[in-house]
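Read off the chains here:
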Amino acid sequence: MQTPEEYELSRRGVLVGGAASVATVTLVPIGTAAAATPAAKAPPTAKVAFEVNGTARELELDTRTSLLDALREHLHLTGTKKGCDHGQCGACTVIVDGRRINSCLTLAVMHEGDKITTIEGLGTPDKMHAMQDAFVTHDGYQCGYCTPGQICSAVAVLDEIKAGIPSHVTADLGAAPAVTKVELRERMSGNICRCGAYSNIIDAITDVAGVKA
Amino acid sequence: MKSFTYERVDSAAAATAAFARTPGARFIAGGTNLLDLMKLEIEAPSHLIDVSRVALDKIEATPEGGLRIGAMVRNTDLASDMRVRRDYGLLTRALVAGASGQLRNKATTAGNLLQRTRCPYFYDTNQPCNKRKPGSGCAAIGGFNRLHAVVGASDACIATHPSDMAVAMRALDAAIETVDAAGKARAIPIADFYRAPGKTPHLETVLAPGELITAVTLPKPVGGTHIYQKVRDRASYAFALIAVGAIVQRDGTGRVALGGVGYKPWRVEAAEAALPRGAKPVADGLLAGAKTTHENAYKLTLVERTLAGVLAQAKG
């Protein structure tokens, strides 16, 4: 039968380790455990310097670190969200050297010298970017998790149309694409919204573009 | 993800030399497919050679009147180039039918050609897959396979090649320029670039280990009406069930390549002679010897009907 003291000891082990099995492991004398575990080889790291929202940053990172994790875990810019972590949902969209990309599918160490803009760099609660303002005005979100990616994508989409980049729905490849709902829906298809705020998102973008679509 | 060492190189020669020094290395450029596969440990290179800043990012006219597209040219930039839009519209149409805006901003020309299948069993490391783990079997044969190949497949693998761009490149008779570790360059016609799965579906192209793609060249424009018709489960941002890439001339002759039906962009030049007679004889020629599963026989009908639609559209 378990005495109150034993119970207390086990409970602490569970709380500290976060898993029931840890309580058993803690019974192994420390010296034995150390001898049985080969010294873990530190994973390779590399240095990278880039600019985030106008501020120069230097990091030494495990080479495996995605740009998304560098932003969130190392620079504590948690506005950029991790959704699927496989480039399928667009929640991690940031703007690098003027182009929107999935920050989950790129290594931080590959961005030496790049200029990165996250949702925090577009605007602040006191001084919102026009696109952030329009998302609020048009209720372009519900839970808000995909919103930073949607807004970064939307800002870049308007620049892409302005630059004449064609899309799947552009009828004439010889002409400049126009800001229409059809164009915006196609261009925003890499940003998934589980709450289904799509129509309000398109309203917000057309508002910023200054067109009645 | 397995840990790896990393280096950035600034020339193709430095890239191939780095590969020679580091067995187990992979080149990385856009990384949108490779990193995804590394997260799942389907790819586990011990060293990455970053070639994204190698100066192979230009689109240049060739003396023959065609274009040389640098291996590092991003999908967005290739699709947007005015020469491509004017003379190789099929290529722009195929590119913008693929992936999302974010991915096209990162994905490169060479990487697009080398992307791996999206067969769900290739991605599911709990399932047998001869492409991922040679000799382990194929879970797609007899499994959920409505997305899978109807031509060119083997008893070991029925995966399809996922690229839209490659379908256009095949119809346009592109050639893939490479350089190997010894500095030897060669040009591979895209028709000869992909290997049939046979018993070795893990070997996907004729590239030797460490051989680097430097460019893709297009012969001089052939004119005609360029149409890329992709059929998919949703209107945007999905892989093809099937795709038809066609160049149709005023007299009804032309070229056709298919996506979503085999391990490579599928073209049968001999079948194209039937183009003036309509879709059926062409589809019959393209899909001769097709072997369907319990779930993907619809692709044969879908190819014929989509091609009929494309030919009607080309007539205007």
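Structure: see above.
For the structure given in this document, a descriptive report is provided here. Everything quoted here is computed from the prediction, not taken from an experiment. (Residues numbered from 1 in each chain as written. Chains lettered and ligands numbered in written order. Predicted model: local features only at pLDDT ≥ 70, side-chain atom pairs only at ≥ 80, totals over all residues. Heavy atoms only, no water.)

### Regarding the side chain of glutamate 183 of chain A
Residue and element names in this part refer to chain A.
Turning to step 1, where the next piece is worked out: Topologically, glutamate 183 is positioned in helix α8 (residues 181-187).
Turning to step 2, where the next piece is worked out: Here glutamate 183 falls in the buried class, since its relative accessible area comes to 5%.
Turning to step 3, where the next piece is worked out: For glutamate 183, the side chain forms a polar contact with the side chain of serine 167, separated by 2.7 Å. (Helix = DSSP H or I, 4+ residues; strand = E, 2+ residues; numbered from the N terminus. Buried < 20%, exposed > 50% of the residue type's maximum accessible area, 1.4 Å probe, protein only. Polar contact = N/O pair within 3.5 Å; in protein donor to acceptor, adjacent residues only side chain to side chain.)

### So, the pattern of salt bridges
Turning to step 1, where the next piece is worked out: With the rule as written, the count across this model stands at 29 salt bridges over all chains.
Turning to step 2, where the next piece is worked out: A salt bridge links arginine 100 of chain A to glutamate 160 of chain A, with the shortest nitrogen-to-oxygen separation between them at 2.9 Å. You can see arginine 100 of chain A sitting in strand β4 (residues 99-102) and its partner glutamate 160 of chain A sitting in helix α7 (residues 147-162), a full 60 residues away along the chain. An identical accessibility class is assigned to arginine 100 of chain A and glutamate 160 of chain A; each is buried.
Turning to step 3, where the next piece is worked out: Across the pair aspartate 114 of chain A and arginine 53 of chain B runs a salt bridge, and its minimum N-O distance is 3.5 Å. Here the residue aspartate 114 of chain A occupies a position in the loop between β4 and β5 (115-117), and arginine 53 of chain B occupies one in the loop between β3 (47-50) and β4 (59-61), the pair thus bridging two chains.
Turning to step 4, where the next piece is worked out: With a relative accessible area of 10%, aspartate 114 of chain A lands in the buried category.
Turning to step 5, where the next piece is worked out: A relative accessible area of 36% places arginine 53 of chain B in the partly exposed class.
Turning to step 6, where the next piece is worked out: Each of the salt bridges in this network shares a partner with another, and the network as a whole consists of Arg170, Asp173, Arg255, Arg267, Glu269 and Glu272 of chain B. (Salt bridge = Lys/Arg side-chain N within 4 Å of Asp/Glu carboxyl O.)

### Some thoughts on the sheet that holds strand β6 (residues 175-179) of chain B
Residue and element names in this part refer to chain B.
Turning to step 1, where the next piece is worked out: Across the sheet, five strands lie side by side as β4-β5-β8-β6-β7; this open sheet has antiparallel pairing. Single-partner strands in this sheet number two, and they are β4 and β7 (185-189). This sheet shows a mean twist of 25° between the axes of neighbouring strands, independent of strand direction.
Turning to step 2, where the next piece is worked out: In this sheet, β7 lies alongside β6 in antiparallel orientation, the contact comprising five bridges. Paired with isoleucine 176 across the bridge in β7 is isoleucine 188.
Turning to step 3, where the next piece is worked out: The strands that helix α1 (residues 12-21) touches are β6 and β8 (212-218); relative to β8, the one it contacts most, it runs at about 140°. (Pairing = 2+ DSSP bridges. Axes fitted to C-alpha atoms, helices over the stretch in contact; angles between N-to-C directions. Contact = heavy atoms within 4.5 Å.)

### So, empty space enclosed by the protein
Turning to step 1, where the next piece is worked out: One pass over the full model with this rule turns up four cavities of 30 Å³ or more.
Turning to step 2, where the next piece is worked out: By volume, the largest cavity amounts to about 90 Å³.
Turning to step 3, where the next piece is worked out: Forming the boundary of the largest cavity are Arg100, Glu160, Ile165, Pro166, Ser167 and Arg187 of chain A together with Thr76, Ala79, Val96, Gly101, Arg104 and Asn105 of chain B.
Turning to step 4, where the next piece is worked out: Mapped by element, the contributors of at least two residues to the lining of the largest cavity are α3 (75-80) and α6 (101-106) of chain B.
Turning to step 5, where the next piece is worked out: With three residues, α6 of chain B is the largest single contributor of residues to the lining of the largest cavity.
Turning to step 6, where the next piece is worked out: In terms of residue class, the lining of the largest cavity is built from four nonpolar, four polar and four charged.
Turning to step 7, where the next piece is worked out: Here the second largest cavity is characterised by a volume of approximately 70 Å³.
Turning to step 8, where the next piece is worked out: Taken together, 16 residues make up the lining of the second largest cavity; nearest its centre are Cys119, Cys129, Cys138, Ala140 and Cys157 of chain B. (1 Å grid on protein atoms, 1.4 Å probe; cavity = no way out; pocket = protein on both sides within 12 Å on 5 of 7 lines; lining within 4 Å. Points joined across faces, edges and corners; volume = space filled by probe spheres on them. Nonpolar A, V, L, I, M, F, W, Y, C, P; charged D, E, K, R; others polar.)

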